[in-house]
Structure formats: structure tokens, C-alpha cells
Amino acid sequence: MFNFIKSRIGGIKTVAETQRQTIDRALAEVNEVVALMIDKPKVTIDPATGSVTLDLPDQMPDEALALPAPETVAEGDIEGSGEDKAA
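Bear in mind the structure is a predicted one, so any value in this text is a computation, not a measurement.

K.L.:
Could you give an account of the overall build of the protein, with specific residues and numbers?
P.N.:
The helix and strand inventory of the protein stands at three helices and two strands. Counting from the amino terminus, helix and strand elements in the protein follow one another as α-α-β-β-α. Taking all 87 residues of the protein together, the buried fraction comes to 5%. As displayed, the protein has an accessible area near 8400 Å², and 58% of this comes from carbon and sulfur atoms.

This is the structure:
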């Protein structure tokens, strides 16, 4: 969109990828990530649409390092909080 500004400022010229180059690059990135995984995902190819899906585990290895989500507190626990209301 702003290629004319780029060309005037620094002579930066964008090079368009061919479809083959785009697929090769994207597939290489996916293969790099899958190679790092201990449990490999199941790959499904839908011949009707040509889509490729990966059946990923519920928790990825890098997500296991994150802190767990805080536990939700029930409404009764907040209102009752263990104290006698009559007192």
C-alpha cells in the first residue's frame, strides 16, 4: 500500500514470493515447531477442501511453564465466607 513511500525513502523494494516459495516457507516453519514437540500431533488432510489440520494436545509444552489459571470462587463462598450472619 505504501510502497511508493518506501521506494522514495530508502530504496526498499519488496520481493513477492511465489506460491511455491510461500508453501515451502510455511511448511518449514510448521515442521520446525512439530520437531520440538514430544507428542507429535495427528495430521488430517481434507481432500474436498485441501485443508490441513493438526490435532494438537490440550496443553502445549510451552504452556505448561505458564502459571495455572486462578480458581473461580463460587458465589456462596463469597457471601457466606464462614462467618455467622446472625451475629
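K.L.:
Give me the lowdown on the pattern of salt bridges, citing residues and values where you can.
P.N.:
Side chains that differ in sign of charge can pair as their charged atoms come close. All chains considered together, the criterion is met by two salt bridges. Where Glu17 meets Arg25, a salt bridge forms, and the shortest distance between an N and an O atom there is 2.9 Å. Here Glu29 makes a salt bridge to Arg25, at a shortest N to O gap of 3.7 Å. Highlighted residues: Glu29 and Arg25, both in helix 2 (residues 19-36), separated by four residues, approximately one helical turn. Here Glu29 falls in the partly exposed class, since its relative accessible area comes to 42%. Arg25 sits in the partly exposed class, given a relative accessible area of 39%. A single salt-bridge network, built from bridges that share partners, covers Glu17, Arg25 and Glu29.

K.L.:
Tell me about the pairing of strand 1 (residues 42-46), residues and numbers included.
P.N.:
Counting buried residues in strand 1 gives zero out of five residues, a small share hidden from the surface. One ladder, built from five bridges, connects strand 1 with strand 2 (residues 51-55); its direction is antiparallel. Considered in strand 2, the bridge of Asp46 is made with Ser51. Joining the antiparallel neighbours strand 1 and strand 2 is a turn of four residues, in which Gly50 adopts a positive phi near 80 degrees.

K.L.:
Go over the environment of Leu56, please, and point to the residues and values.
P.N.:
Examined against the element boundaries, Leu56 turns out to sit in the loop between strand 2 and helix 3 (75-80). Residue classification places Leu56 among the partly exposed positions, given a relative accessible area of 44%. Spatially, the C-alpha atom of Leu56 lies 9.0 Å from that of Asp39, the residues being 17 residues apart in sequence. Among residues more than four places away in sequence, those in contact with Leu56 are Met37 and Pro41.

Each value, and the rule that gives it
By convention here, each chain's residues receive numbers from 1 onward along its written sequence. The predicted origin of the model limits local features to residues at a pLDDT of at least 70 and limits the giving and counting of side-chain atom pairs to 80 or more, whereas totals for whole chains, interfaces and linings rest on all residues. Calculated side-chain values reflect all of the structure's heavy atoms, with hydrogen atoms and water omitted. Numbering of helices and strands starts at the N terminus; helices are DSSP runs of H or I of at least 4 residues and strands are runs of E of at least 2. Remark: exposure states derive from per-residue accessible area (1.4 Å probe, protein chains only) relative to the maximum for the residue type, with buried under 20%, exposed over 50%, and partly exposed in between. Reported accessibility uses the Shrake-Rupley method at a 1.4 Å probe radius. Residues are deemed covered only where the shown protein chains occlude them. For salt bridges, the criterion is a side-chain nitrogen of Lys or Arg within 4 Å of an Asp or Glu carboxyl oxygen. Pairing between two strands requires that DSSP report at least two bridges joining them. Here, residues are in contact when the closest pair of their heavy atoms is within 4.5 Å.

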